[in-house]
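Topology and contacts: notes
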Amino acid sequence: MNSDKSEKTIYSIDSVAAGYKHEGKWLKSTLRPVVQPIYNTSIYFVPSSAVAEAIISEKEPGYLYARLCNPTNDACADIIAQLEGAEGGTLLTSSGMAAVSLVLLTFLKSGDHLVCQFPIYAGVIKFIEGILVGTNVEVSWVDSNELVETFEKAIKSNTKMVYVESPCNPKMSVQDFSLFGELTRRHPKLLVVVDGTFASAYLQQPLKYGLHISIHSCSKYMGGHSDIIAGCVSFANEELMRKARWHLTLLGSALSASDASLLHRSLKTLPVRMEKHSINAMHVAKFLAQHSKVKAVYYPGLESHPHYKIAKSEMKSFSGMISFEVIGGKEAGIKLVESVRLISLAVSLGGTGSLIEHPASMTNAGPLMSEEGRKKGGITDSLIRLSVGLEDIDDLISDLSQALEQL
């Protein structure tokens, strides 16, 4: 590290996550707290109406109203932007779905065409089909196992956005960011958006490949403790960020300062958590792959995964999400998730404790996805989704073993 404090020092993302001090861009004070304070206020004093006007028009930096911005949120967003390599910055939202809806509603309008991966998170599918299509946005779906060539074939003259998840929920397919980066150069007016919730901003940074927008549900790995609902959107350039920030203000879906503080806290341990999640998940995936009652395992860290080489090239490690199919259909799948003892039967993912669920009857059940949609997405009745936590690996395997033996 350079000792000359007049020069900006570039730190690794591990150091940024663990201990980077936000300088308080717009607050001048001799106080330098080690932990970013929670600014639990809705309004800020301004010395004159002229200053307020300058802040609103973004001619001057400053704080006016908490729905517009808050120092606690800015400090957390600054960390995420550095993790993502987001030159345009990061916005925090009140949930992962708020992040997704912000992006889709900001950058798509009537008459535009969206190319979207299928399956993705069922809530996003419902938003697209139930709300976005109602605004006269056309949608083409591309199977999640397909790579960039198939997405490019779906592009039309009015296509404005390609939207993907990587790794994909729940089948764990992985997209090649470098090839999508080449796609953006061939189609310079096209926006490529990646939801990287299953990996976190520590394990992968799609913006570094030339993609435009990165989304995370921070309720998952970024938050990491199953105690907040939050989201974030990071941008490749400031023009995109400014447009989305104005929409965020109008939609009223900014994150609260209290939740931003919890998220900021969680980012400090993100590197060590993600490495441990990945180590544990690799052990569990290998155990499941050789078990006689398991029909298939979907984990990008296994060499048998069709996108293993892609994942190895663009991820620091392979994260903690595994899907697998058991022999015996729906009855066996439900029996398994209801037989675990240490692992919790619950929706969501990315917390310190391991979580297991049966997608066909939970996260991808009837109100969220039809039977036809599940068949189209390869979400079988025997599919299990497992978020591997930070517990002792022997205890986790022992719990899965005893549950499998009951099938």
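Residues numbered from 1 in each chain as written. Predicted model: local features only at pLDDT ≥ 70, side-chain atom pairs only at ≥ 80, totals over all residues. Heavy atoms only, no water.

1. Here's the deal with the sheet that holds strand β11 (residues 355-357)
- Across the sheet, which stays open at both edges, the five strands sit in the order β8-β9-β12-β11-β10 with mixed pairing between neighbours. Every other strand in the sheet has two partners, leaving β8 (294-298) and β10 (344-345) as the edge strands with one partner each.
- Against the sheet, helix α11 (residues 270-289) touches β8, β9 (321-326) and β12 (383-387), its axis set at about 10° to β9.
- Contacts between helix α13 (residues 329-337) and the sheet are confined to β9, β10, β11 and β12, with β9 contributing the most and set at about 135° to the helix. (Pairing = 2+ DSSP bridges. Helix = DSSP H or I, 4+ residues; strand = E, 2+ residues; numbered from the N terminus. Contact = heavy atoms within 4.5 Å. Axes fitted to C-alpha atoms, helices over the stretch in contact; angles between N-to-C directions.)

2. Comments concerning the pairing of β12
- Burial runs high along β12: five of the five residues are buried.
- Burial of the side chains of β12 extends over both faces: Leu383, Arg385 and Ser387 are buried on one face and Ile384 and Leu386 on the other.
- Of the strand pairs in this sheet, β11 and β12 are connected by three bridges, and their pairing is antiparallel. Note that in β12 the partner of isoleucine 356 across the bridge is leucine 386. (Buried < 20%, exposed > 50% of the residue type's maximum accessible area, 1.4 Å probe, protein only.)

3. Describing the pairing of strand β1 (residues 89-93)
- Among the five residues in β1, five count as buried, and that is most of the element.
- Burial along β1 is two-sided: the face carrying Gly89, Leu91 and Thr93 and the face carrying Thr90 and Leu92 are both buried.
- Bridge count between β1 and strand β7 (residues 231-235): five bridges; the pairing is antiparallel. Its bridge partner being in β7, threonine 93 is matched across the sheet by glycine 231.

4. As for the packing of aromatic side chains
- For the structure shown, the criterion picks out six aromatic pairs.
- On the basis of an interplanar angle of 40° and a centroid distance of 5.5 Å, the ring pair of tyrosine 44 and tyrosine 63 is categorised as tilted. Residue tyrosine 44 is located in the loop between α1 (13-19) and α2 (49-56), and its partner tyrosine 63 is located in the loop between α2 and α3 (71-84); the two are separated by 19 residues in the primary sequence. Take tyrosine 44 and tyrosine 63: they sit in the same class, and that class is buried.
- Aromatic pair phenylalanine 118 and tryptophan 141: ring centres 5.5 Å apart, planes at 75°, arrangement edge-to-face. Of this pair, phenylalanine 118 sits in strand β2 (residues 113-118) while tryptophan 141 sits in strand β3 (residues 138-143); the two residues are 23 residues apart in sequence, bridging distant segments of the chain. (Phe/Tyr/Trp six-rings, centres within 6.5 Å; stacked < 30°, edge-to-face > 60°.)

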